[in-house]
Structure formats: structure tokens, C-alpha cells
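Architecture at a glance
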Amino acid sequence: MKNLKPIKTEGDYEAALEEVERLWGAPSGTPKGDRLDILATLIDAYENDHYPIDPPDPIEAITFRMEQQGLTRKDLEGVLGSRTRVAEVLNRRRGLSINMIRRLHEKFGISAEVLIRPTKLRRAA
């Protein structure tokens, strides 16, 4: 087995992925299993630096949770306010207040960290 080194190039990254594929399923606590764990850590660090994934916009997170749990706009009325307020928020005409964020987090388990991100608001016509 060759020595492990940091993944610095796309070529290093591809080689590491190929080696992980060969080592996949190696028992934990064995030399191959330890190598797999180390490679996975190195790959994760490289991907975080080179292929970062932005968290979703708050409205995208809300609509995703609605789809996931089969919720309707009416289900959001007690959390966001009136029917009009729900429409304003989901149509990106009004931002979320701190109280809305708290209630969405508590009632639907949406990450507060995601909900406090800036919402891409639409301007009124």
C-alpha cells in the first residue's frame, strides 16, 4: 500500500475515489478499514473546499418540508399568521420574523440556521 497524502489536485481526488471504491466494505479496525476511514476524511475535506454546497434558501426549506410532510398553506397559518401572511412569505414578498423562525423550527423541525439566512425577496410590481 502506498502512503497517504493530502488531496491537492483533481487527479489526487479521482485516485482517492477509485481507492475508496476498492476498499469499500473493509471491516472497521483492520488496516484496510483504517485506510478507508482516512481516505473518506481526506475526500470530505477536499469536497468541502472545492465543491461547497450552499444551504437552502429559507423559503425552499419551508416548501421542501411542506412536500415532505404533506402540509398545505393552511397548515402554516397558525405558524406564520394569517392566510395573507402565509402567501406573502411563500411568494417572497415578506421576510420571516424572528417569531416565525422560532415557530417554524419548533413545529416543523426546520433548522433555525437555515431559516435565519437571507430570503431572496421579490419586489412588488
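Below, the structure is looked at part by part. (Residues numbered from 1 in each chain as written. Predicted model: local features only at pLDDT ≥ 70, side-chain atom pairs only at ≥ 80, totals over all residues. Heavy atoms only, no water.)

This next bit is on the packing of helix H4 (residues 73-80) against helix H6 (residues 98-108). Between H4 and H6, the least distance of the axes is 9 Å, while the angle of their chain directions is 125 degrees. With respect to their mutual orientation, H4 and H6 come out oblique. Residue-level contacts link Asp75, Leu76, Gly78, Val79 and Leu80 of H4 to Met100, Arg103, Leu104, Lys107 and Phe108 of H6. Of the residues that constitute the contact of H4 with H6, the class distribution is six nonpolar, one polar and three charged. (Axes fitted to C-alpha atoms, helices over the stretch in contact; angles between N-to-C directions. Helix = DSSP H or I, 4+ residues; strand = E, 2+ residues; numbered from the N terminus. Parallel < 35°, antiparallel > 145°, perpendicular 65-115°, else oblique. Contact = heavy atoms within 4.5 Å. Nonpolar A, V, L, I, M, F, W, Y, C, P; charged D, E, K, R; others polar.)

Attention now goes to the packing of aromatic side chains. Under the defined criterion, the tally for this structure stands at three aromatic pairs. Both rings, one in Tyr13 and one in Tyr46, keep their centres 4.9 Å apart while their planes meet at 25 degrees; by these two values the pair is stacked. Taken together, the residues Tyr13 in helix H1 (residues 10-23) and Tyr46 in helix H2 (residues 31-50) connect sequence positions 33 residues apart. Overall, the relative accessible area of 9% leaves Tyr13 in the buried class. On the basis of relative accessible area, Tyr46 is assigned to the buried category, the value being 4%. Geometrically, the ring pair formed by Tyr13 and Tyr51 is tilted, given 5.9 Å between the ring centres and 45 degrees between the ring planes. Here Tyr13, found in helix H1, pairs with Tyr51, found in the loop between H2 and helix H3 (58-69); they are 38 residues apart in sequence, far enough to count as distant. (Phe/Tyr/Trp six-rings, centres within 6.5 Å; stacked < 30°, edge-to-face > 60°. Buried < 20%, exposed > 50% of the residue type's maximum accessible area, 1.4 Å probe, protein only.)

Time to look at the pattern of salt bridges. Per the counting criterion, the structure on display carries six salt bridges. Arg35 is the partner of Glu19 in a salt bridge, and the nearest nitrogen-oxygen pair spans 2.3 Å. Highlighted residues: Glu19 in helix H1 and Arg35 in helix H2, separated in sequence by 16 residues. With a relative accessible area of 10%, Glu19 lands in the buried category. Judged by relative accessible area, Arg35 falls into the buried class, the value being 8%. Across the pair Arg92 and Asp57 runs a salt bridge whose closest N-O atoms are separated by 2.8 Å. (Salt bridge = Lys/Arg side-chain N within 4 Å of Asp/Glu carboxyl O.)

Next up on the list: H1. Between the first and last C-alpha of H1 there are 20 Å, a value that for 14 residues agrees with the 20 Å anticipated at 1.5 Å per step. Every buried residue of H1 is listed here: Tyr13, Ala16, Glu19, Val20 and Leu23. The arc enclosing the buried residues of H1, seen along the axis, measures out at 125 degrees, which places them on a common side. Away from the buried face of H1 by more than 90 degrees, exposed residues Glu21 and Arg22 are located. Structurally, H1 contributes buried residues whose contacts are with H2. (Expected span 1.5 Å × (residues − 1). Arc of directions from axis to C-beta.)

A word on unusual backbone geometry. With a phi angle near 65 degrees, Arg92 is a residue other than glycine that sits in the positive phi range. Counting through the fold element by element, Arg92 comes out in the loop between helix H5 (83-90) and H6. What makes Arg92 buried here is its relative accessible area of 14%.

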